[in-house]
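One-letter residues, chain by chain:
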Amino acid sequence: MNSKGETLESTGISALMTAITNVADTVLHGKLKARTDIDAVEFMRDLETCKRQLAALDSALVIEIAERDLPRKAGVKDVVPFLRQTLGLSRYDAAMRVKIAAACGEFLGADGTPRPVTLAATANAFEAGVISRDHVRGIVDIMTHLPAEVPAPARVETEALLVEHCVTGHPDDLPKIGREILARLDPEGTVISDADRRRRRGITISRPGVDGMSKIEGWLTPELRALLDAIFAKLARPGMCNLDDADAEILAATAQVESKVLEAAARRDRRDAGQRTHDALFALVSALQPVTDTTAGIDAAGAAGAGVFAAAGAAAAKAGKPVKLGKHRGLPVEVVVTMSLADLEKGAGVATTASGGHLSINEALKLAKNSRPVLAILDKDEIPLYLAHGERLATSGQRLALIARDRGCTHPGCDVPASMCAAHHVIDWAKGGPTDLNNLALVCDHHHAMVNDSEHGWKTVMLGKDSAQPGRVGWIAPAALDPSHTPHVNDKHHVGERVATAVDSSCRKWGSRAA
């Protein structure tokens, strides 16, 4: 009760707790089962909106705590330990609430008047429940890394563009968008430079535990990540380099594996993604060892896969040649780098790898200088202008052009990178569809299986010149999902570039030196 005799009842908290109890009863005791699928989905969306609106209240409460000086009264240093102690939060969660409050909360000035909210558009969208805390965290991270030279009007427009994306987009896209924005607004690396990344690089392998296992952690440069992604796309694929599979001899990573054999091995594979990466690294390092007895020190289950790999690596080392890792989805195992001509000419922006990673233009050019990656350069319409490679075959060239154009799976909303996709005929080969670029698209294995002529099957079409996105692949959902049969494209792999270009344009409009 306060000095006016008001209790917590008047705040509505008791009514809220009652409402939550009723909702929980509906969900936990099967009362949703009588509802239709559409009702169930709508219920989930409404509940998510409510949870977001409640989470947005944290900023006001954090500010209230600070202004009441409650941490000092409780004998703790600041708001973060107070939240941890009072609410039982993790250090990360408490710190994130304070960070979001600083950007989205309304503070009072020395004279008691409210100060402008730093990220007003973000705060409004959060309070309305149209974006989540993860969206807010990503926006705050991007905005705090913008160069100081970006003028205030451009910052406001940048925030508005990010919020607009978040209303329909996923928070997982925000780091990619942030990298695209920084690469254009900070080409000289005044905020995050190549030198900063090199300083942070490092891998630490801890001492073995009582079970003999060692923990590995650290930071990889974008260049090393690009190289490893290209290798692991093949070697860490289900069925490859499996130390648990006694029949792994046929899956020596230096040889080309028949698709039927790999599919059978993948069906036997019970490893998780981390275990597959471990076994791929084991096979890769084994290939670099000049061994004489290829099975020495390897258990029976893993002897065949790792031993054959090591033998191939030893033979290549004796001949003074690099280890060849064969092919993955029709291309040699190597880094594929895509960049736009405009970014190349400016020396700003980012280059994209087939595995979905990002390199600065400078990093990409250094990688091209020191190795033999594939380099694709696109015009303003994202059509390949230049395609360079040491060994060029027609089928490989087509796949490289697809990687440059599609970047990954073309199914709407799918984020599977190009390195994990197959070339799909838009008009099926059996129906006379040609194996031409204007009839091919990158599609992941999961969505490839969804394309068929049944009532539940999806259809693919190549959008024509009269479309808003000519030359892109459109997906038509089954009638049960979309009676209008409207083709939809996947912007997942291009969203960062689209938002970053708009931000760059805004900065130029407002005369930013950063642009």
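Provided above is the structure to which this section pertains.
The numbers attached to residues start from 1 for each chain and follow its sequence in the written order. Only residues with pLDDT of at least 70 get local features here, since the model is predicted, and only at 80 or more are side-chain atom pairs given and counted; chain-wide, interface and lining totals rely on the full set of residues. Hydrogens and water are ignored here; the side-chain numbers use all heavy atoms of the structure.

*Asks:* Describe the overall build of the protein chain, naming the residues involved and giving the relevant values.
*Replies:* Here a strand is any run of E in DSSP of at least two residues, a helix any run of H or I of at least four, and the numbering for each starts at the N terminus. Broken down by element type, the protein chain carries 19 helices and 13 strands. Of the accessible surface of the protein chain, which amounts to about 29,000 Å², a share of 57% is contributed by carbon and sulfur atoms. In these tables, accessible area is a Shrake-Rupley quantity obtained with a 1.4 Å probe, and a residue counts as shielded only by the protein chains included in the view.

*Asks:* Lay out the packing of helix α8 (residues 152–168) against helix α9 (residues 174–185) in plain terms, naming residues and giving numbers.
*Replies:* Put simply, α8 and α9 touch, their axes get as near as 12 Å, and they point 155° apart. Comparing their axes, α9 and α8 come out roughly antiparallel. The hand of the α8/α9 crossing is right-handed. Taken together, the residues of α9 that come into contact with α8 (itself represented by Leu 162, His 165 and Cys 166) are Leu 174, Ile 177 and Ile 181. Basically, the charged four are Asp, Glu, Lys and Arg, the nonpolar ten are Ala, Val, Leu, Ile, Met, Phe, Trp, Tyr, Cys and Pro, and anything else, Gly included, counts as polar. Split into classes, the residues belonging to the contact of α8 with α9 amount to five nonpolar, one polar and no charged. For helices, the fitted line uses only the C-alpha atoms of the stretch in contact; every axis is such a line through C-alpha atoms, and the angle between N-to-C directions lies from 0 to 180 degrees. For classification purposes, an angle smaller than 35 degrees is called roughly parallel, one larger than 145 roughly antiparallel, one from 65 to 115 roughly perpendicular, and anything else oblique. Should the near helix be turned anticlockwise from the far one by less than a right angle, the crossing is termed left-handed; should it be turned clockwise, right-handed. We call two residues in contact when some of their heavy atoms are within 4.5 Å.

*Asks:* Please provide a residue-by-residue account of the packing of helix α2 (residues 37–67) against helix α4 (residues 79–87), values included.
*Replies:* At a minimum axis separation of 11 Å, α2 and α4 run at an interaxial angle of 110°. Regarding the angle of α2 to α4, the classification is roughly perpendicular. At the point where α2 passes α4, the crossing takes the right-handed sense. Residue-level inspection shows Val 62, Ile 65 and Ala 66 of α2 in contact with α4, the latter providing Val 79, Phe 82 and Leu 83. Split by residue class, the contact of α2 with α4 holds six nonpolar, no polar and no charged.

*Asks:* Provide a residue-level description of the side chain of His 165, including the pertinent values.
*Replies:* Within the secondary structure layout, His 165 lies in helix α8. Setting aside anything within four residues of it in sequence, one finds His 165 in contact with His 170, Asp 173, Leu 174, Ile 177 and Val 495.

*Asks:* Please give an account of unusual backbone geometry that cites residues and values.
*Replies:* We note that Cys 241 has phi near 50°; this positive angle belongs to a residue other than glycine. Considering the arrangement of structural elements, one finds Cys 241 in the loop between α11 (222–235) and α12 (259–268). In this structure, Arg 407 is a non-glycine residue whose phi angle is positive, near 70°. With respect to the helices and strands, the residue Arg 407 is situated in the loop between α17 (394–406) and β10 (421–425).

*Asks:* I'd like a description of the nonpolar core, backed by residues and values.
*Replies:* Counting residues in hydrophobic clusters, the biggest one holds 30 residues, and the most contacted among them are Ile 139, Leu 162 and Ile 181. For this core, the secondary structure elements donating two or more residues are α2, α5 (91–104), α6 (120–128), α7 (133–144), α8, α9 and α19 (495–509). When residues of this core are assigned to their parent elements, the largest contribution, five residues, is made by α7. Residue contacts for Ile 181: discarding those within four places in its chain leaves Ile 142, Leu 146, Leu 162, Val 499, Ala 500 and Val 503. We define a nonpolar core as any set of buried Ala, Val, Leu, Ile, Met, Phe, Trp, Tyr and Cys residues linked to one another through side-chain atoms lying within 4.5 Å. When a residue's accessible area, from a 1.4 Å probe over protein chains only, is under 20% of the maximum for its type it is buried; when over 50% it is exposed; and in between it is partly exposed. The next biggest cluster of nonpolar side chains, apart from the first, holds 17 residues, and it includes Val 416, Leu 442, Trp 458 and Val 473.

Such coordinate-based values are descriptive only and should not be taken to indicate function.
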